[in-house]
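# Residue-level structural notes
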Amino acid sequence: MAWFRAGSSVARLAVRRTLARSCSYVTRPRGLLTANRHFHASSPKSMAQVAPVPRPVPLSRLTDSFLDGTSSVYLEELQRAWEEDPDSVDESWDNFFRNFVGKASTSPGISGQTIQESMRLLLLVRAYQVYGHLKANLDPLSLEKRPIPDDLDPALYGFTEADLDREFFIGVWRMSGFLSENRPVQTLRAILKRLEQAYCGSIGYEYMHIADHEKCNWLRDKIETPMPTGYNRQRREVILDRLIWSTRFENFLAAKWSSAKRFGLEGCETLIPGMKEMFDRAADLGVETIVIGMPHRGRINVLGNVVRKPLRQIFSEFSGGTKPVDEVGLYTGTGDVKYHLGTSYDRPTRGGKRIHLSLVANPSHLEAVDPVVVGKTRAKQYYSSDTERTKNMSVLIHGDGSFAGQGVVYETLHLSALPNYTTGGTIHIVVNNQVAFTTDPRSGRSSEYCTDVAKALSAPIFHVNGDDVEAVVHACELAAEWRQTFHTDVVVDIVCYRRFGHNEIDEPTFTQPKMYQIIKNHPSSLKIYQDKLLESGQITVEDIDRMSDKVMTILNEEFLASKDHVSQKRDWLSAYWTGFKSPEQLSRVRHTGVKPEILKSVGKALTTLPENFKAHRAVKRIFEDRAKMIETGDGIDWAVGEALAFATLLVEGNHVRLSGQDVERGTFSHRHAVVHDQETGQQYCPLDHVMINQDEEMFTVSNSSLSEFAVLGFELGYSMENPNSLILWEAQFGDFANTAQVMFDQFLSSGEAKWLRQTGLVVLLPHGYDGQGPEHSSARLERFLQMSDDNPHVIPEMDPTLRKQIQECNWQVVNVTTPANYFHVLRRQIHREFRKPLIVMAPKNLLRHKDCKSNLSEFDDVQGHPGFDKQGTRFKRLIKDQNFLSDREEGVRRLILCSGKVYYELNEERQKIDAKDVAICRVEQLCPFPYDLIQRELKRYPNGEIVWCQEEPMNMGAYSYIAPRLGTAMKALGRGTVEDVKYAGRGPSAATATGFFTVHGKEQTELVEKALQKDPISS
């Protein structure tokens, strides 16, 4: 009904105005009802705070909805109009009057009920639905008494204690829950009792912010309809057993490793039975796989009790652990602390099914794992053809401080309904300690609840007392049912406490003395539940002892077994990754050229638009030019080179996904992967039509939300699921990528070393100095190179048949200068037996540069064509100077090494001044450093002065990375040391670039002229 969906503020003001005018309200003390157990005392608000009296309502507004009523006169006018013609009023008013008018004469005991009382009673019901959570018993510590809203005080609506046993007609409404039952006449006492039980118990429900009537009705039906018996004995034994496991596990760890950090779950042990019951219910509803992300608190308990990581392995890690053995090509990386590790396991459910659980490894950066989990879930849905998004689900566990305080939470939430990012809903569980490290909620957030951010998505929120395990279980099961029914996000907020400090060796009373005095004397949730079951007579002391003894026996057995435990196999690769090599296993280099006929075939598909498609005339011209490029084989530009890489990988059966801000058109209007009909708005993506009957999601290009952190994390998670896919994220400008710095630092650069997880994610970062100022020039190349782990003083094995340089390095950083080389570096990501992240300094003005073109023959695998060598056509890590082709050029006085677009400016100036004694080589792959090719060029130019030229300031760009490695290569050949490397580029600077275009032009000219000057370059 419309009135149930609308806000109630206007109607509440109407009630207050009417009651303020009535003598019964003014003279009656507000405390009359406070002795009754159904009410809470609340201080009356000053009448001065009541809103101004509304103006009289003209008859022209008689079609207003139910909650727009502002006075009794208005009600009377509406009733008269309705009696004359029911169609003259809004449908909601028609329903209201049909329920109430004339019922007094036919229903005994309610002859005194007025229309105003009926409306006030309905408003009271709605007030509980909206505000009941504020009165719910949520805090197990009872730290503070929250003020009870006036809206939940029956006195506000004119009801007195004398009305409690009076029967009221409440009607039969077209909605679920309390008002749907066939009990139109009830006493006020019974009504209030039902409302208190439903909304003010151990669960506080927030859902009336949801605009969808069907969803609200579904929840009302679940909330307001009481369970006839609750949980039976069998279910309670299961819940108790799971709670015992959760509690005893923490106790065992505390006893065995009393001084170790473990970030235990004490104070929220009910999370474990809650999660298990949630997963059981989800499995019953069709879920087959769950991807989990969580912080460190409780992680080890979840690993052992929920995901079923072997307990002996966990205990072994606490004792120092041992590295895996008996594995060819063993790579153990650096490892990570035990409360950051992940795992996966197939576990049976209570309903007799099996469900696959994956807990994703994550750093201490709270909430950073959120988008990674969601992206991995989306990938699982693609590879399992889960188009309904019912078989694969993500569950994220949060802390109260981080859920309210970390921006990536909001960024991730807002991916939930985007077509190419949705996973059909994520279940969020907040372990609400009521303190963040040492920060109280009043200092950590501005909102009433830590979960208020989720209201932006119209997600229902279930606040639950963490001491009431059955309430936690019920809320978790309800969340699973919601997710499988409506495929949107849902939040379970477990209000609990942290029995110890931030970790077990922290002292919490320094900052929360009152809280921890209460915690010290507070019984555990296990003790509370055991006492409840013993009192009910369903469980005996013997039953409890039997369960507890069984748990302790298993824990002790696993502890003894852990002393001899040796990990035999790594769990880092899923089935899709079988056969892929670790960094210590030799992988042969593959060529990446494509047969000419395939290039022509896909090229035609890429440049053809539907017959009656009305593309923008400029776009149409672009496609016509592209068609000529393919037909003639000349002048292939950057966008076509990229599209050919995507198309050829698709033809070979690989999934390709590109996302980021404005990637469909391209920030610089160069890509046009999606074309729009100028008359109908219809969209066409040529890469969706490379093959006949191509799966529509096999190639995905998607504009993302205006987020770097969450979207990059999403694509990272997506790329980790299956190696046979090219997953790319492109920044709008490379300068903006630093808002996702956590992803680069904690996941991309170090994930394989810490967690043995490979990814082939490609990151495209537009970079280049074009005079656009300090925020549109630099992708901070120096940061990516600084995070590279190759040794600058040791030349690795460079023999092509033995080389493992790229495998052993943590990632690749390239700054390519030709469309063909870009084509090959993208294809190289797939055509190898391992995966490494690829950081690309993507061009801007090279996208349309007259000299930045390639011939189609540079893309193919034909012997004798440009780029073909004895091992086929492949990515060129270094492009030699095409003016000097002999193996030894003694007449060259200077060898300039550079990377990126500055090459074209150097070459243009060289031609202008006719500097035939200067060679320019392009280092296309900066990391890992191509020692073999650099030494080849050093040998070619034995008398050349060695110069590194770059656009970036001296303290930025590649100089700090290149210089020591170049010095190492020179030293090995007797060509000098790092001191002999000359620099041509901008001087040190705090900002990446100048904001003045004329200054930029002057600086650019000077660095190019310095690199090519006739005199030797001074250091």
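Since the model is a prediction, treat every value here as computed from it, not as a measurement.

Thresholds applied
- Residues numbered from 1 in each chain as written.
- Predicted model: local features only at pLDDT ≥ 70, side-chain atom pairs only at ≥ 80, totals over all residues.
- Heavy atoms only, no water.
- Helix = DSSP H or I, 4+ residues; strand = E, 2+ residues; numbered from the N terminus.
- Buried < 20%, exposed > 50% of the residue type's maximum accessible area, 1.4 Å probe, protein only.
- Contact = heavy atoms within 4.5 Å.
- Areas by Shrake-Rupley, 256 points an atom, 1.4 Å probe, with all protein chains shown as cover.
- Axes fitted to C-alpha atoms, helices over the stretch in contact; angles between N-to-C directions.
- Parallel < 35°, antiparallel > 145°, perpendicular 65-115°, else oblique.
- Nonpolar A, V, L, I, M, F, W, Y, C, P; charged D, E, K, R; others polar.
- Left-handed = near helix turned anticlockwise from the far one by under 90°.
- Disulfide = S-S within 2.5 Å.
- Pairing = 2+ DSSP bridges.
- Patch = residues over 30% accessible without salt bridge, like charges linked within 9 Å, V, L, I, M, F, W, Y side chains within 5 Å.
- Salt bridge = Lys/Arg side-chain N within 4 Å of Asp/Glu carboxyl O.
- Lys, Arg positive; Asp, Glu negative; His and termini not counted.
- Charge placed at Lys NZ, Arg CZ, Asp CG, Glu CD.
- Core = buried A, V, L, I, M, F, W, Y, C linked by side-chain atoms within 4.5 Å.
- Polar contact = N/O pair within 3.5 Å; in protein donor to acceptor, adjacent residues only side chain to side chain.

## Thoughts on the overall build of the protein chain
Helix and strand counts for the protein chain come out as 34 helices and 26 strands. Considering the protein chain as a whole, with its 1019 residues, one finds that 59% of them fall into the buried category. Residue pairs at least 24 apart in sequence account for 80% of intrachain contacts in the protein chain once pairs closer than 6 positions are excluded. When the accessible surface of the protein chain is totalled, it reaches about 41,200 Å², and 50% of it is carbon and sulfur.

## Description of the packing of helix α25 (residues 709-719) against helix α26 (residues 741-748)
In contact at an axis separation of 8 Å, α25 and α26 are set at 30 degrees when each is read in the N-to-C sense. Considering their axes alone, α25 and α26 lie roughly parallel with respect to each other. Listed contacts from α26 to F709, L712, G713 and L716 of α25 are V742, M743, F744, F747 and L748. Its residues assigned to classes, the contact of α25 with α26 shows eight nonpolar, one polar and no charged.

## Here we look at the packing of helix α31 (residues 902-913) against helix α34 (residues 997-1012)
Each pair of packed helices can be described by the angle between their axes along with the distance between the axes. Two numbers describe how α31 lies on α34: the axes approach to 10 Å, and their chain directions differ by 60 degrees. By the angle class used here, α31 and α34 are oblique. In the crossing of α31 with α34, the sense of the turn from one axis to the other is right-handed. Across the interface between the two elements, V902, E905, L906, E909, R910 and I913 of α31 pack against Q1004, L1007, V1008, E1009, A1011 and L1012 of α34. Here the residues of the contact of α31 with α34 are counted per class, giving seven nonpolar, one polar and four charged.

## Points about the state of the cysteines
Where two cysteines share a covalent bond between their sulfur atoms, that bond is called a disulfide. Evaluated as defined, the whole model comprises zero disulfides. The thiol of C927 is not disulfide-bonded; the next cysteine sulfur, from C809, is found 3.6 Å away. C927 sits in the buried class, given a relative accessible area of 0%. A disulfide-free cysteine, C949 has its sulfur positioned 6.4 Å from the sulfur of C898, the nearest such atom.

## Remarks on the pairing of strand β5 (residues 343-348)
Alignment of β5 against strand β6 (residues 354-359), held across six bridges, turns out to be antiparallel. In the strand pairing of β6, D346 is matched with H356. If you look at the hairpin formed by β5 and β6, you'll find five residues sitting between the two strands, and G352 has a positive phi there, around 90 degrees.

## Examining the sheet that holds β6
With mixed pairing, the eight strands of this open sheet are ordered in space as β3-β9-β10-β8-β7-β4-β6-β5. Taken across any chain shown, the strands that pair with only one partner, and hence form the sheet edges, are β3 (203-206) and β5. The average undirected angle you get between the axes of adjacent strands in this sheet is 20 degrees. With six bridges joining them, strand β8 (residues 426-432) and strand β10 (residues 490-495) adopt parallel strand pairing. The partner of V430 across the bridge, within β10, is D493. Strand contacts of helix α14 (residues 370-383): β4 (289-293), β6, β7 (392-399) and β8, with the helix running at about 175 degrees to β7, the strand carrying the most contacts. In this fold helix α18 (residues 469-486) packs onto β3, β7, β8, β9 (461-465) and β10, with an angle of close to 165 degrees to the strand it touches most, β9.

## Considerations on the sheet that holds strand β15 (residues 725-730)
The seven strands are arranged β14-β11-β15-β16-β18-β17-β24 in an open sheet whose pairing can be described as mixed. Two strands close off the open sheet at either side, each with one partner strand: β14 (699-703) and β24 (925-927). Strand-to-strand twist of the sheet, defined as the mean angle between neighbouring strand axes without regard to direction, takes the value 20 degrees. Of the strand pairs in this sheet, β15 and strand β16 (residues 762-766) are connected by three bridges, and their pairing is parallel. By the bridge assignment for β16, L728 is matched with V762.

## Some thoughts on a negative patch on the surface
Side chains of E83, E84, D85 and D87 sit close together on the surface and give a patch of like negative charge. The residue D85 is located in the loop between α4 (72-84) and α5 (91-100) in this model. Assessed through its relative accessible area of 35%, D85 is described here as partly exposed.

## Some words on the pairing of strand β25 (residues 945-953)
A large share of β25 lies buried, amounting to nine of its nine residues. Here four bridges tie strand β22 (residues 894-898) to β25, and the two strands are oriented parallel to one another. Across the sheet, residue L897 finds its bridge partner in β25, namely W948. Taken together, the four bridges between β25 and strand β26 (residues 982-986) define a ladder with parallel strand orientation. Note that in β26 the partner of P953 across the bridge is R986.

## Section: the nonpolar core
Ranked by internal contacts, the top residues of the largest apolar core, which has 142 residues, are L644, F744, L765, L906 and W948. Considering every element that reaches this core, the biggest residue donor is helix α24 (residues 638-651), with nine residues. One finds L121, M278, I290 and L555 within the second-largest nonpolar core, a separate group that totals 99 residues.

## Topic: the environment of R297
With respect to the element layout, R297 can be found in the loop between β4 and α12 (299-305). Take R297: its relative accessible area is 11%, and that puts it in the buried class. The sequence separation of R297 and E266 amounts to 31 residues, and the corresponding C-alpha distance is 9.5 Å. Setting aside residues up to four positions removed in sequence, R297 forms contacts with F263, G264, L265, E266, G267, C268, V431, N433, C496, Y497 and R498. In terms of polar contacts, R297 uses its side chain to reach the backbone carbonyl oxygen of E266, at 2.5 Å. At a separation of 3.4 Å, a polar atom in the side chain of R297 contacts the main-chain carbonyl oxygen of Y497.

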